[in-house]
Amino acid sequence: RRVAAAIDLGAWLRPPPGDALSTDPVVHRIAGFVRPELCAQLIPYTQGRLQRARVYDPVSRADIVDAHRDNTQATFDLDAVEFVHALLQARIAAACGVDRRQLEPVAILHYAPGQQIADHFDFVDPDRTPDYAAEVARNGQRIITFLLYLNDDYQAGETEFPRLGIRHRGQAGDALLFVNALADLSPDKRTLHAGRPTTQGEKWIVSQFIRSRPTRS
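Notes on the structure follow.

Definitions and cut-offs
Residues numbered from 1 in each chain as written. Predicted model: local features only at pLDDT ≥ 70, side-chain atom pairs only at ≥ 80, totals over all residues. Heavy atoms only, no water. Helix = DSSP H or I, 4+ residues; strand = E, 2+ residues; numbered from the N terminus. Rg over C-alpha atoms; globule rule 2.2 N^0.38 Å. Buried < 20%, exposed > 50% of the residue type's maximum accessible area, 1.4 Å probe, protein only. Contact = heavy atoms within 4.5 Å. Areas by Shrake-Rupley, 256 points an atom, 1.4 Å probe, with all protein chains shown as cover. Lys, Arg positive; Asp, Glu negative; His and termini not counted. Charge placed at Lys NZ, Arg CZ, Asp CG, Glu CD. Phe/Tyr/Trp six-rings, centres within 6.5 Å; stacked < 30°, edge-to-face > 60°. Lys NZ or Arg CZ within 6 Å of the ring centre and 35° of its normal. Polar contact = N/O pair within 3.5 Å; in protein donor to acceptor, adjacent residues only side chain to side chain. Pairing = 2+ DSSP bridges.

1. Describing the overall build of the protein
Within the protein, the regular secondary structure consists of 5 helices and 16 strands. Over its C-alpha atoms the protein spans a radius of gyration of 17 Å, differing by no more than 12% from the 17 Å that the globule rule assigns to 217 residues. Principal-axis analysis of the C-alpha atoms places the extent of the protein at approximately 50 × 40 × 35 Å. Relative to its 217 residues, the protein shows a buried fraction of 46%. Within the protein, residue pairs in contact and separated by at least 24 positions form 77% of the contacts whose partners lie at least 6 positions apart. Put simply, the protein shows about 10900 Å² of open surface, and 51% of that area lies on carbon and sulfur atoms. The centroid of the 26 positive side-chain charges in the protein is displaced by 4 Å from the centroid of its 27 negative side-chain charges.

Quick look at the structure:
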């Protein structure tokens with residue numbers, strides 16, 4: 001109750017405006033999305049939860065290890081979510097203008113020096129999903145990716161969009177969001193992107209996928 005009483009929820013749900021790195025497709029950065037102190041509080045929650053990051057394989061319908069990414073990840077499902085994660089998701093939903101139920105579980109990604117995720121897409125890919133129409137009808141398309149940079153004491157490690165000519169490196173507390181799909185929910189392949197390897201220091205970010213329809217009640 002003391003924590004809740006100290007939070008100005010109205011202000012929390014009015015995140016700062018972003019500025020465009022690209023308008024078509026939309027790629028926005030939001031400076032100072034949260035205070036660096038909050039970012040520092042999120043990292044310890046990953047202790048004992050980090051595992052080799054996986055990607056969803058639509059054929060087997062399972063998360064699998066893939067050679068194009070070698071970083072680690074902690075995912076916070078309902079059995080592990082903390083108050084700070086719920087609070088953060090509320091602010092993300094407000095920034096993106098979506099219902100919070102459209103947000104997948106929060107994931108915190110960790111990159112040791114040299115680790116990366118190579119060029120990839122975040123949308124549900126019709127070229128790799130045998131029952132694409134049914135999957136989108138059931139769970140929605142991944143329309144937005146929202147990244148929150150938790151630290152900045154590392155070298156290199158930019159988020160790059162090679163087809164857009166964008167390389168971005170945020171400061172602790174900054175956010176980056178981009179729209180993965182067109183208005184008809186078809187994939188926008190211009191959003192090919194990568195998390196380039198750091199050359200020195202560890203990189204921590206929150207990765208939040210947002211669907212086109214509610215994924216939870």
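2. Some words on the packing of aromatic side chains
Inspection of every chain in the model, using the stated rule, returns 3 aromatic pairs. Both rings, one in Phe121 and one in Phe123, keep their centres 4.7 Å apart while their planes meet at 20 degrees; by these two values the pair is stacked. Consider the rings of Phe161 and Phe178, whose centres lie 4.9 Å apart with planes at 85 degrees: the pair is edge-to-face. With Phe161 in strand S11 (residues 159-161) and Phe178 in strand S13 (residues 175-179), the pair connects residues that are 17 residues apart, well separated along the chain. No difference in accessibility class separates Phe161 from Phe178, as the two residues are buried. The lysine or arginine in question, Arg91, covers the ring of Trp12, its NZ or CZ lying 4.7 Å from the ring centre. Looking at Arg169, its charged tip hangs above the ring of Tyr154, at a distance of 4.3 Å from the centre.

3. A word on the side chain of Gln115
Structurally, the position occupied by Gln115 is in the loop between strand S7 (106-111) and strand S8 (117-120). Overall, the relative accessible area of 19% leaves Gln115 in the buried class. One polar contact links the side chain of Gln115 to the main-chain carbonyl oxygen of Asp70, over a distance of 3.2 Å.

4. Brief notes about unusual backbone geometry
Cis peptide bonds are those with omega within 30 degrees of zero, and the linkage from Asp24 to Pro25 qualifies with 0 degrees. When you line up the elements, Pro25 lands in the loop between strand S1 (19-23) and strand S2 (26-30). Positive phi is not limited to glycine here, since Ala156 has a value of about 60 degrees. Here Ala156 lies in strand S10 (residues 155-156). Take Ala156: its relative accessible area is 22%, and that puts it in the partly exposed class. Backbone geometry at Leu185 places phi at a positive 75 degrees, although glycine is not the residue there. Relative to the helices and strands, Leu185 resides in the loop between S13 and strand S14 (193-195).

5. Side note on the sheet that holds S2
Strands sit in the order S1-S2-S13-S9-S16-S7-S6-S3 across an open sheet of 8 strands; the sheet is antiparallel. Each end of this open sheet is capped by a strand with a single partner; those strands are S1 and strand S3 (51-52). Bridge analysis of S7 against strand S16 (residues 203-211) gives 5 bridges, and the strand direction is antiparallel. What sits directly across from His110, in S16, is Trp204.

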